[in-house]
Amino acid sequence: MSKKLNASFETTLHVYDHCLCFAAQRAARALARRFDEALSPLGLTSGQFSLLTSLNQPEPPSMGSIAALLVMDRTTLTANLKPLEQRGLVEIAVDEADRRVRRLILTPAGRTVLQSALPVWVNVHGEIDRLLPAADGRTLRRGLRALA
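In what follows, the accompanying structure is described. Keep in mind the model is a prediction, meaning the values are calculated, not measured.

**Examining the overall build of the chain**
Okay, so step 1: Within the chain one finds seven helices and two strands.
Okay, so step 2: Here the C-alpha atoms of the chain give a radius of gyration of 19 Å, more than 25% beyond the 15 Å that 2.2 N^0.38 yields for 148 residues.
Okay, so step 3: Oriented by its inertia axes, the alpha-carbon framework of the chain measures out at about 60 × 40 × 25 Å.
Okay, so step 4: Considering only residue pairs separated by 6 or more positions, the chain has 50% of its internal contacts joining residues 24 or more positions apart.
Okay, so step 5: Carbon together with sulfur atoms contributes 59% to the accessible area of the chain, which is approximately 10400 Å² in total.
Okay, so step 6: One way to put it: in the chain the 19 positive side-chain charges average out to a point 4 Å from where the 14 negative ones average out.

**A short note on the side chain of S54**
Okay, so step 1: By secondary structure assignment, the location of S54 is in helix 3 (residues 46-55).
Okay, so step 2: Reaching out from S54, the side chain makes a polar contact with the backbone oxygen of L51 at a distance of 2.7 Å.
Okay, so step 3: The residues contacting S54, other than those within four sequence positions of it, are P61, I66, L69 and L70.

**Observations regarding the layout of surface pockets**
Okay, so step 1: Roughly 1800 Å³ of internal volume is contained in the largest pocket.
Okay, so step 2: Lining of the largest pocket is provided by 33 residues; of these, A28, L31, F35, S50 and L144 occupy positions nearest its centre.
Okay, so step 3: Within the residue set of the lining of the largest pocket, elements represented by two or more residues are helix 2 (20-39), helix 3, helix 6 (108-131) and helix 7 (134-147).
Okay, so step 4: Counting residues per element, the lining of the largest pocket draws most heavily on helix 2, which supplies 11 residues.

**A few points about the environment of M72**
Okay, so step 1: Its location among the elements puts M72 in the loop between helix 4 (63-69) and helix 5 (74-86).
Okay, so step 2: With a relative accessible area of 25%, M72 lands in the partly exposed category.
Okay, so step 3: Placed 12 residues apart in sequence, M72 and L84 show a C-alpha to C-alpha distance of 17 Å.
Okay, so step 4: M72 has contacts with A67, L77 and N80, leaving out every residue within four places of it along the chain.

**Brief notes about the packing of aromatic side chains**
Okay, so step 1: Applying the stated criterion to the full structure yields two aromatic pairs.
Okay, so step 2: Plain terms: the ring middles of Y16 and F22 are 5.5 Å apart, the flat faces sit at 65° to each other, and that makes the pair edge-to-face.
Okay, so step 3: Here F49 and W121 contribute two aromatic rings whose centre-to-centre distance is 6.4 Å and whose plane-to-plane angle is 20°, an arrangement assigned as stacked. One end of the pair, F49, is in helix 3; the other, W121, is in helix 6, with 72 residues separating them in the sequence.
Okay, so step 4: Residue classification places F49 among the buried residues on the basis of a relative accessible area of 7%.
Okay, so step 5: For W121, a relative accessible area of 32% corresponds to the partly exposed category.

**Quick notes on the side chain of Q48**
Okay, so step 1: The topology assignment puts Q48 in helix 3.
Okay, so step 2: We classify Q48 as buried; its relative accessible area is 14%.
Okay, so step 3: If sequence neighbours within four positions are ignored, Q48 has contacts with G43, P83 and L84.

**Re the nonpolar core**
Okay, so step 1: Residues L52, L77 and L81 are the most contacted members of the largest nonpolar core, which totals 22 residues.
Okay, so step 2: For this core, the secondary structure elements donating two or more residues are helix 2, helix 3, helix 4, helix 5, strand 2 (102-106) and helix 6.
Okay, so step 3: Per-element tally for this core: the top contributor is helix 6, with five residues.
Okay, so step 4: Excluding residues that lie within four positions of it along the chain, L52 makes contacts with L44, L84, L89, V90, L106, V113 and L114.

What counts as what
Residues numbered from 1 in each chain as written. Predicted model: local features only at pLDDT ≥ 70, side-chain atom pairs only at ≥ 80, totals over all residues. Heavy atoms only, no water. Helix = DSSP H or I, 4+ residues; strand = E, 2+ residues; numbered from the N terminus. Rg over C-alpha atoms; globule rule 2.2 N^0.38 Å. Contact = heavy atoms within 4.5 Å. Areas by Shrake-Rupley, 256 points an atom, 1.4 Å probe, with all protein chains shown as cover. Lys, Arg positive; Asp, Glu negative; His and termini not counted. Charge placed at Lys NZ, Arg CZ, Asp CG, Glu CD. Polar contact = N/O pair within 3.5 Å; in protein donor to acceptor, adjacent residues only side chain to side chain. 1 Å grid on protein atoms, 1.4 Å probe; cavity = no way out; pocket = protein on both sides within 12 Å on 5 of 7 lines; lining within 4 Å. Points joined across faces, edges and corners; volume = space filled by probe spheres on them. Buried < 20%, exposed > 50% of the residue type's maximum accessible area, 1.4 Å probe, protein only. Phe/Tyr/Trp six-rings, centres within 6.5 Å; stacked < 30°, edge-to-face > 60°. Core = buried A, V, L, I, M, F, W, Y, C linked by side-chain atoms within 4.5 Å.

Below, the structure is given as structure tokens:
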């Protein structure tokens, strides 16, 4: 049996120093804030940019496939699609072969916004990459992809 930890300040410091989830949450919020600020002139959040990027496929993907790709439940995905749909950047269509399936279509306006957002993403991503040693950045991305 492992040693029982108490909720002391020392335990808090131990969690702070060792918890991958805590570190990942902090890093994710800091990264999202940085991208949100950069993308705000385009009226996008970092999450919306990720969503638009995930829809940029040769054929309109299904809602289920995008939810799986983004590790997001369908209810959250639907809520995140609403503002993009209201802006005319995304359309949701019934699949002709299977009426239970919803296809997510990146509209021409959505492609234009995505095209405008890409240089912003490249710039911010470059700033972040310069903060990490190259090998560390590659290792971090590989590890994060494996966890997702």
